[in-house]
Amino acid sequence: MEKLLCPSLLNLSMDYLKDEIMRLDVSGADILHIDVMDGHYVPNFGMSFQDIETIRKNTSLKLDVHMMMYRSEERRVG
């Protein structure tokens, strides 16, 4: 069974997000895990769609997005 390295990005420094993503891109990670929380479905906030756009622009790794939000079909990226 193949094992994949899929680090969570929830605790990255948002002040240095681009730099953090670029480091992970060359680290050997296979997939990047992103938590999107709206503050309603769960009481926390995760990464914003703007953060996800920054991530996508700075890596070609696959993204695993865990969406914890109401009415996610009404929200758009880009």
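Basis of the calculations
Residues numbered from 1 in each chain as written. Predicted model: local features only at pLDDT ≥ 70, side-chain atom pairs only at ≥ 80, totals over all residues. Heavy atoms only, no water. Helix = DSSP H or I, 4+ residues; strand = E, 2+ residues; numbered from the N terminus. Contact = heavy atoms within 4.5 Å. Areas by Shrake-Rupley, 256 points an atom, 1.4 Å probe, with all protein chains shown as cover. Buried < 20%, exposed > 50% of the residue type's maximum accessible area, 1.4 Å probe, protein only. Arc of directions from axis to C-beta. Salt bridge = Lys/Arg side-chain N within 4 Å of Asp/Glu carboxyl O. Core = buried A, V, L, I, M, F, W, Y, C linked by side-chain atoms within 4.5 Å. Axes fitted to C-alpha atoms, helices over the stretch in contact; angles between N-to-C directions. Parallel < 35°, antiparallel > 145°, perpendicular 65-115°, else oblique. Left-handed = near helix turned anticlockwise from the far one by under 90°. Nonpolar A, V, L, I, M, F, W, Y, C, P; charged D, E, K, R; others polar.

K.L.:
Is there a simple way to think about the overall build of the chain in this case?
P.N.:
A count of helices and strands for the chain gives 2 helices and 2 strands. Secondary structure elements of the chain occur, N-terminal to C-terminal, as α-β-α-β. Within the chain, contacts between residues at least 6 apart in sequence are counted, and of these 71% link residues at least 24 apart. Of the roughly 5,600 Å² of accessible surface on the chain, a fraction of 50% belongs to carbon and sulfur atoms.

K.L.:
What's the story with helix H2 (residues 49–57) in this structure? I'm lost.
P.N.:
In an α-helix, one full turn covers 3.6 residues, which means residues spaced three or four apart are oriented alike. Listed as buried for H2 are Asp51, Ile52 and Ile55. Projected down its long axis, H2 carries its buried residues within an arc of 100 degrees, all on one side. For H2, the exposed residues set more than 90 degrees away from the buried face come down to Gln50 and Lys57. Those residues of H2 that are buried lie in contact with helix H1 (17–25), strand S1 (31–37) and strand S2 (62–68).

K.L.:
Honestly, the pattern of salt bridges in this entry has me stumped. Any pointers?
P.N.:
Note on pairing: side chains with opposite charge can pair once their charged atoms come close. Scanning the entire structure with this criterion turns up 1 salt bridge. Residue Glu20 pairs with Arg23 through a salt bridge whose shortest N-O separation is 4.0 Å. With Glu20 and Arg23 both in helix H1 and 3 residues apart, the pair spans about one turn of that helix. Its relative accessible area of 52% is what places Arg23 among the exposed residues.

K.L.:
Whenever I open this one, the nonpolar core confuses me. Can you help?
P.N.:
One broad trend across soluble globular proteins is that nonpolar side chains are buried collectively. Leu9, Ile21, Leu32, Ile34 and Ile55 are the most contacted members of the largest nonpolar core, which has 14 residues in total. Elements with a minimum of two residues in this core: H1, S1 and H2. Those residues within four positions of Leu9 in sequence are excluded, and the remaining contacts are Met14, Ile21, Leu24, Leu32, His33, Ile34, Met47 and Ile55.

K.L.:
So what exactly am I meant to see when it comes to the packing of H1 against H2 here?
P.N.:
A pair of packed helices is captured by two measures, namely the crossing angle of their axes and the spacing between those axes. The N-to-C vectors of H1 and H2 enclose an angle of 45 degrees; their axes lie 9 Å apart at closest approach. Classified by the interaxial angle, the pair formed by H1 and H2 is oblique. In the crossing of H1 with H2, the sense of the turn from one axis to the other is right-handed. Contacts between H1 and H2 involve Leu17, Lys18 and Ile21 from the former and Asp51, Thr54 and Ile55 from the latter. Of the residues contributing to the contact of H1 with H2, the split by class is 3 nonpolar, 1 polar and 2 charged.

The values reported here are purely geometric and, on their own, carry no functional implication.
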